[in-house]
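As a plain string of letters, each chain reads:
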Amino acid sequence: MDTIKTCSGEKISSVSDWVKNQIKQEEIDKYLENGHDFIDDAKIKQTLQDNQKVSKERIRGILEKAHEINLMDDADVAALVNVKDPDLRQEVFQAAEEIKKQVYDNRIVTFAPLYLSSKCVNGCRYCGFREDNGMQVRRVLSQAEVEAETHVLASKIGHKRLVIVFGEHPDSAVDYIADTMKTVYSVHDKVRNGVGEIRRVNVNAAPMSISDMKKLYNSGIGTFQVFQETYDHEIYRQMHPANTLKGNYGWRLYSLHRAMEAGIDDVAIGTLFGLADWRFDVMGMVAHARDLEKRFGLGPHTISVPRLEPAIGTDFSFIKNWVNDEDFRYIVAVLRVAIPYAGLIVTNREKPEMIKSLIDIITQRDADSRLGIGAYSEAFKDGKNGQDEQLIDRAQFELGDTRSLDAIIRELAETGHIVSFCTAGYRCGRTGKKIMGLLKSGQEGCFCKLNAVLTFQEWLEDFASEETKRIGMEIINKEINEIKNRVPKDFSQPIFDSFIKSYDNICKGHRDLYF
Ligand code: SAM
Ligand code: SF4
């Protein structure tokens, strides 16, 4: 039996004992229907088969209906994923852009991943953190190191939103995750006229029990992300060894159901594209959203579309379903119209040109990211931003876009996008059903529009280079004019007056003002 020490030096019985205690079978069984989970592989394959040849008129009708901002029927999703004609795909792409505009306007939210631990008890064949990967340097950050990383992220780069990421291991189990969140939220540094602080911490970690997730809820979690990787039962089995925690498909599939029961109503689904047939997995994501809606009256807050990337010490010769760039773009467009209310995240795994081509469909991207454990402090240690220092032997995989947040924001502003640093939603209780209702009716967009201006102005004051501030101010002025022109239809005069007062106060040095 392998005895282990936690980071604090305290001895706990063994990793294998810890592993044995993680899965609560009753917290899977309670959601099954007649002993089955909600992914019926044969039915999905049949629906894909039945909707192979569809007319242009049918596709256009589906796209028309998507503007009602409801989850799409399975048969309609199957029809869309089967489209091969480039012109018809272009129509789907255009509808996706219209729906993004309808629900989220020209806003983009930026965030950074913060990797805290590379120890992992699992054996996912595609991941650099898998237990048997001898090339990976293993580390779990101490709370002092977490604080150092947060100082860089919040005060040198200027992020307000993080996703903290963990391998699955007793050294980085729920209490460590909760402590980490407290440490991150505790950082408040003086920067220029304002303050460097993280205002929303999302978590990407392994599935947990309901009682563990209540701890995360009580520590102020933003969104809880668990990616299913693939919904195809057989491919899932091939990718995740049976004797590991992650080998349990049902424990993972229902992790977000348990999160909802624990009170976390912003949950995020995702597929790792490249493992299985992408058409099947898009259908799986829609089925996942449907089951969440059915049980909790609420679908996913965000959707992630990671695509397989090279990882140190990892041979990918077993991968049969690589997704090419054209199909990847199309996947993102189909998901936009199929689950139209959800935020859509594309990360720096992708190259700048790819993200740019999807920017009018997606809602979130990361920026200035480092994946190596401890890599932010390392990169900024001489007082400069070391763009190339990724500490790849401590990273899970490799990045496609390593530009600075300032450069990314400048590019976005040049193309007419406003970066929102708003984190008001969960701090004002606008989460879960409340935000979904507002999003579908278009009302949340009004709050978001005001908060985007306020938080973007704050960022420009505190972090932007001169050039970025100049270009950013053009967007700010355009947005304020637009808001003014929408009084009184979308904004009452008192709301507008109060917004202008808040805006002036931000310019004078007040911080963290929102609606
Ligand atoms: N260990 C937890 C888990 O597996 O859910 C959470 C963190 S894991 C580090 C985050 C995600 O990284 C995984 O869910 C997977 O989708 C993605 N990932 C793993 N290996 C990857 C690779 N080679 N390329 C791109 N994404 C990868
Ligand atoms: Fe561990 Fe997650 Fe990587 Fe799998 S994907 S090896 S669970 S860190």
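Further up the page is the structure itself.
All residue numbers refer to position in the chain's written sequence, counted from 1. Here every chain gets a letter starting at A, and every ligand a number starting at 1, in the order they are written. Owing to the predicted nature of the model, reporting of local features is limited to residues with pLDDT of at least 70; listing and counting of side-chain atom pairs is limited to 80 or more, with chain, interface and lining totals taken over all residues. To get the side-chain values, take all heavy atoms of the structure and skip hydrogens and water.

(A) How the structure looks around the environment of Arg89. Each helix corresponds to a stretch of at least 4 residues labelled H or I by DSSP, and each strand to a stretch of at least 2 residues labelled E; elements are numbered beginning at the N terminus. Topologically, Arg89 is positioned in helix H6 (residues 86–104). With relative accessibility at 9%, the residue Arg89 sits in the buried group. Each C-alpha atom, one on Arg89 and one on Asp327, is 9.9 Å from the other, the two residues being 238 residues apart in sequence. Nitrogen and oxygen atoms within 3.5 Å of one another constitute a polar contact, given that in protein one can donate a hydrogen and the other can accept it, and given that sequence-neighbouring residues count only through two side-chain atoms. Separated by 2.9 Å, the side chain of Arg89 and the backbone oxygen of Val83 make a polar contact. Type-normalised accessible area, obtained with a 1.4 Å probe on protein chains alone, sets the label of each residue: buried when under 20%, exposed when over 50%, and partly exposed for intermediate values.

(B) Seen up close, helix H21 (residues 466–485). Expected helix span is computed as 1.5 Å times (number of residues minus one). In a regular helix each residue adds 1.5 Å, so 20 residues correspond to 28 Å; H21 covers 29 Å between its end C-alpha atoms and thus fits that length. Every buried residue of H21 is listed here: Thr468, Ile471, Gly472, Ile475, Ile476, Glu479, Ile480 and Ile483.

(C) Here's a closer look at the nonpolar core. Residues grouped as a nonpolar core are buried Ala, Val, Leu, Ile, Met, Phe, Trp, Tyr and Cys residues, joined through side-chain atoms within 4.5 Å. In this structure, Leu80, Phe224, Val337 and Ile339 are the most contacted members of the largest nonpolar core, which totals 163 residues. Only heavy atoms matter for contacts: two residues are in contact if any of them lie within 4.5 Å across the pair. Beyond its immediate stretch of four places on either side in the chain, Phe224 contacts Val203, Ala205, Ala206, Met208, Met213, Leu216, Leu256, Ala259, Ile264, Asp266, Val267 and Ala268. Of all hydrophobic cores here, the second largest spans five residues; its members include Val15, Val121, Ala173 and Leu245.

(D) Main features of the packing of aromatic side chains. Working definition: a ring pair exists when centres of Phe, Tyr or Trp rings (six-membered ring for Trp) sit within 6.5 Å. Plane angles under 30 degrees give stacked, over 60 give edge-to-face, the rest tilted. Scanning all chains against the criterion turns up eleven aromatic pairs. On the basis of an interplanar angle of 70 degrees and a centroid distance of 5.7 Å, the ring pair of Phe316 and Trp322 is categorised as edge-to-face. Given a relative accessible area of 13%, Phe316 falls into the buried group. Assessed through its relative accessible area of 47%, Trp322 is described here as partly exposed. Aromatic pair Phe496 and Phe499: ring centres 6.3 Å apart, planes at 45 degrees, arrangement tilted. On the criterion of helical spacing, the pair formed by Phe496 and Phe499 is a turn pair, its members being three residues apart in helix H22 (residues 493–508). The burial state of Phe496 is the same as that of Phe499; both residues are buried. Members of the aromatic cluster, joined through ring pairs, are Tyr31, Phe38 and Tyr254. The lysine or arginine in question, Arg89, covers the ring of Tyr330, its NZ or CZ lying 4.2 Å from the ring centre. The ring centre of Phe328 lies 4.4 Å from the NZ or CZ of Arg307, which sits over that ring. Placement of a charge over a ring requires the Lys NZ or Arg CZ to be within 6 Å of the ring centre, with the centre-to-atom vector within 35 degrees of the ring normal.

(E) Seen up close, the site of ligand 2. Throughout, the term near means that a residue has one or more heavy atoms lying within 4 Å of the molecule or strand in question. All residues adjacent to ligand 2 are Cys120, Asn122, Cys124, Cys127, Phe129, Arg130, Gly167 and Lys246. Here the residues of the shell around ligand 2 are counted per class, giving four nonpolar, two polar and two charged. Ten residue types, Ala, Val, Leu, Ile, Met, Phe, Trp, Tyr, Cys and Pro, are classed as nonpolar, four, Asp, Glu, Lys and Arg, as charged, and the remainder, Gly among them, as polar.

(F) Inspection of the layout of surface pockets at higher detail. Of the two site types, the cavity is a set of points on a 1 Å grid over the protein atoms alone where a 1.4 Å probe fits but cannot get out, and the pocket is an open set with protein on both sides within 12 Å along at least five of seven lines, each lined by residues with an atom within 4 Å of a point. Grid points are joined across faces, edges and corners, and a volume is the space filled by probe spheres set on the points. For the second largest pocket, the calculated volume is near 400 Å³. The wall of the second largest pocket is formed by 19 residues, among which Phe38, Ile39, Asp40, Lys43 and Ala287 lie closest to the centre. Those elements that provide at least two residues to the lining of the second largest pocket are helix H3 (41–50) and helix H13 (278–296). Considering each element in turn, the lining of the second largest pocket owes the most residues, six residues, to H13. Class assignment for the residues of the lining of the second largest pocket results in eight nonpolar, two polar and nine charged.

(G) Spotlight on the pattern of salt bridges. Any Lys or Arg side-chain nitrogen located within 4 Å of an Asp or Glu carboxyl oxygen qualifies as a salt bridge. Taken as a whole, this structure holds 44 salt bridges when the rule is applied. With a shortest N-O distance of 3.3 Å, Glu33 and Arg295 are connected by a salt bridge. With Glu33 in the loop between helix H2 (26–29) and H3 and Arg295 in helix H13, the pair connects residues that are 262 residues apart, well separated along the chain. Of the residues examined, Glu33 reaches a relative accessible area of 40% and is grouped as partly exposed. Residue classification places Arg295 among the partly exposed positions, given a relative accessible area of 29%. A single salt-bridge network, built from bridges that share partners, covers Lys101, Asp105, Lys449, Glu479 and Glu482.

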